[in-house]
Amino acid sequence: MDFNIHLPINVKSGKNAVDLNSHLLKSFGNTCLIVTGGKSSRLCGALSDMENALRKEGISYDIYDKIGPNPRLDHCFEASARAREIGAYFIVGIGGGSPLDAAKAVAVYASNPDMAMDEIYTQTDRNKALPIVLVGTTAGTGSEVGRVSVLTHPVTGRKKSISPMDCYPALTLADPTYTASMPYDITVSTALDAMAHVLEGYMGSKCTDIPTLFGEKAIELIWKGLCFLYENREERLLPDEDMRAELYYGSLYAGITLAYCGTAFPHPLGYVLTENYGVPHGKACTAFMGLFVDRAAEFTPEKLDRALSIMNTDKNTFKAVIETLTDLKGITMTENEIKAFCERWSAVPANFTFSPGGFTKEDAENAFRTLFLK
């Protein structure tokens, strides 16, 4: 048995979580910067709810709303300058995974005015990040309960993550009703992302007892939602309020498994599809899920059998549902392109090491060949 556990976050969940817990915001200071995207946080009501909560508590604020999909490092750097200008004591992130991840980077930069933009990846001797408050509006990333921030470099276009301990949110206000405004395609992609998070962590070599428990609950909730989306794909029928809540909380359970275990090879391989083909992050990761579960069947069969039993399905049915919802027909690569894409893994990353049976650069090349070679 293994009962090692460390998860330094405070989550307040449920309908009207922002308003009901506004008093907790005062403890972080009297000025903050809200980091968000251009539309979604407004459409779902999360931004207005947070503004009302801040005004109620007498906290002044400014809004930085330039965060797009796959948050850019330079935008985070720019937002941090604004945070310092207004004397922000804390950072509020509102949105899907991109604004939440961006908020973590902004919190680091804001408390380190002498840090160069690229030093966020390497500098360890620095001031502690500002406190971070997160409000999620999608059911996929799980960033609300973790310390990982995935950032896109504006020059190279490559995605790379940071995961310092001070990027755990000090407070997460988790209201699943904000996910109701997500259209069908985003609902699918974010649910796929959540399934990738939980299965990559659950099958990986770092998964111990505690993340296993969270992972099994996530598998149950997310699979139920994915089956609904699969069965109603022709009509593009959206989940009801109860299923929205299950998907959202499933993504948080998955996020905790992710926080403990990290991801496996589908995530870094998926970055290639997002960077070069514009594939949404969730679908980019599950593009490799069939290959991943095949490796799990070979190297961690007991864990795979347990996951499939929770879903009450078999491996082939699972692969068919994921492949249909991912739907990446039309993407092709040449042999030279595959070789070039995989040069980034000449040094084996941790995601490969933690994958079932391990994973290598040559395995990555073969995965791209299998799925996309012209």
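A brief structural summary. Numbering of residues starts from 1 in every chain and runs along the sequence as written. Under the rules for a predicted model, residues below a pLDDT of 70 receive no local features and side-chain atom pairs below 80 are neither given nor counted, while totals for whole chains, interfaces and linings still include all residues. Side-chain numbers here rest on the full set of heavy atoms in the structure, without hydrogens or water.

## Overview of the packing of aromatic side chains
- Geometry of aromatic contacts follows a simple scheme: Phe, Tyr and Trp rings, the Trp one being its six-membered ring, pair when their centres are within 6.5 Å, and the pair is stacked under 30 degrees between planes, edge-to-face over 60, tilted otherwise. Scanning all chains against the criterion turns up 15 aromatic pairs.
- For the pair Trp345 and Phe352, a centre-to-centre distance of 5.5 Å together with 50° between the ring planes defines the contact as tilted. Comparing Trp345 with Phe352 shows no difference in burial state: the two are buried.
- When the centroid spacing of 6.4 Å and the interplanar angle of 10° are considered together, the rings of Trp345 and Phe368 count as stacked. Of the two residues, Trp345 sits in the loop between helix 14 (335-342) and helix 15 (350-353) while Phe368 sits in helix 16 (residues 361-372), which places them 23 residues apart along the sequence.
- Under the relative-accessibility criterion, Trp345 is labelled buried at 5%.
- Taken together, Phe265, Tyr277, Phe288, Phe292, Phe341, Trp345, Phe352, Phe359, Phe368 and Phe372 form an aromatic cluster joined through their ring pairs.
- Its end group placed over the ring of Tyr121, Lys160 keeps NZ or CZ at 4.8 Å from the ring centre. Between buried and exposed lies partly exposed: a residue is buried under 20% and exposed over 50% of the maximum accessible area for its type, with that area taken using a 1.4 Å probe on protein chains only. What counts as a helix is a DSSP run of H or I of at least four residues, what counts as a strand is a run of E of at least two, and both are numbered from the N terminus. Here, over-ring charges are defined by two tests on the NZ atom of lysine or the CZ atom of arginine: distance to the ring centre within 6 Å, and angle to the ring normal within 35 degrees.

## A look at the layout of surface pockets
- Using a 1 Å grid laid over the protein atoms alone, points where a 1.4 Å probe fits but cannot get out form a cavity; open sets with protein on both sides within 12 Å along at least 5 of 7 lines form a pocket; any residue with an atom within 4 Å of a point counts as lining. Grid points are joined across faces, edges and corners, and a volume is the space filled by probe spheres set on the points. When its volume is computed, the second largest pocket comes out at roughly 390 Å³.
- Along the wall of the second largest pocket there are 18 residues; nearest its centre are Thr286, Ala287, Glu323, Thr326 and Leu371.
- When the residues that make up the lining of the second largest pocket are grouped by side-chain class, the tally is 9 nonpolar, 5 polar and 4 charged. As a working rule, the residues Ala, Val, Leu, Ile, Met, Phe, Trp, Tyr, Cys and Pro are called nonpolar, Asp, Glu, Lys and Arg charged, and the rest polar, with Gly in that last group.

## Side note on empty space enclosed by the protein
- Across all of its chains, the model carries 1 cavity of 30 Å³ or more by this definition.
- Within this model, the largest cavity holds a volume of roughly 40 Å³.
- Looking at the largest cavity, the residues that line it are Ala139, Thr179, Met182, Thr187, Thr190, Ala191, Arg244 and Leu247.
- Ranked by residues supplied to the lining of the largest cavity, first place goes to helix 6 (residues 184-202) with 3 residues.
- For the lining of the largest cavity, the class distribution of residues is 4 nonpolar, 3 polar and 1 charged.

## Side note on the side chain of Asp166
- Mapped onto the elements, Asp166 comes out in the loop between strand 7 (159-162) and strand 8 (171-174).
- Throughout this description, a polar contact denotes any pair of N or O atoms lying within 3.5 Å of each other; where both atoms belong to protein, one of them has to be capable of donating a hydrogen while the other can accept it, and for residues adjacent in sequence the pair is counted only when both atoms sit in side chains. One polar contact links Asp166 to Arg126, side chain to side chain, over a distance of 2.7 Å.
- A contact between two residues is defined here by any heavy atoms of the two lying within 4.5 Å. When residues no more than four places from it in sequence are discounted, the contact partners of Asp166 are Arg126, Asn127, Lys128, Ala129 and Ile132.

## Points about the pattern of salt bridges
- Take a side-chain nitrogen of Lys or Arg and a carboxyl oxygen of Asp or Glu: if they are within 4 Å of each other, that pair is a salt bridge. As enumerated under the stated definition, the model contains 19 salt bridges in all.
- The salt bridge involving Lys56 is made with Asp19; its shortest N-O contact spans 2.8 Å. Pair noted here: Lys56 is in helix 3 (residues 46-56) and Asp19 is in helix 1 (residues 17-20), with a separation of 37 residues, a long-range link.
- Among the salt bridges present, the one from Asp74 reaches Arg72, with a minimum N-O distance of 2.5 Å.

The values are spatial; any link to function lies outside them.
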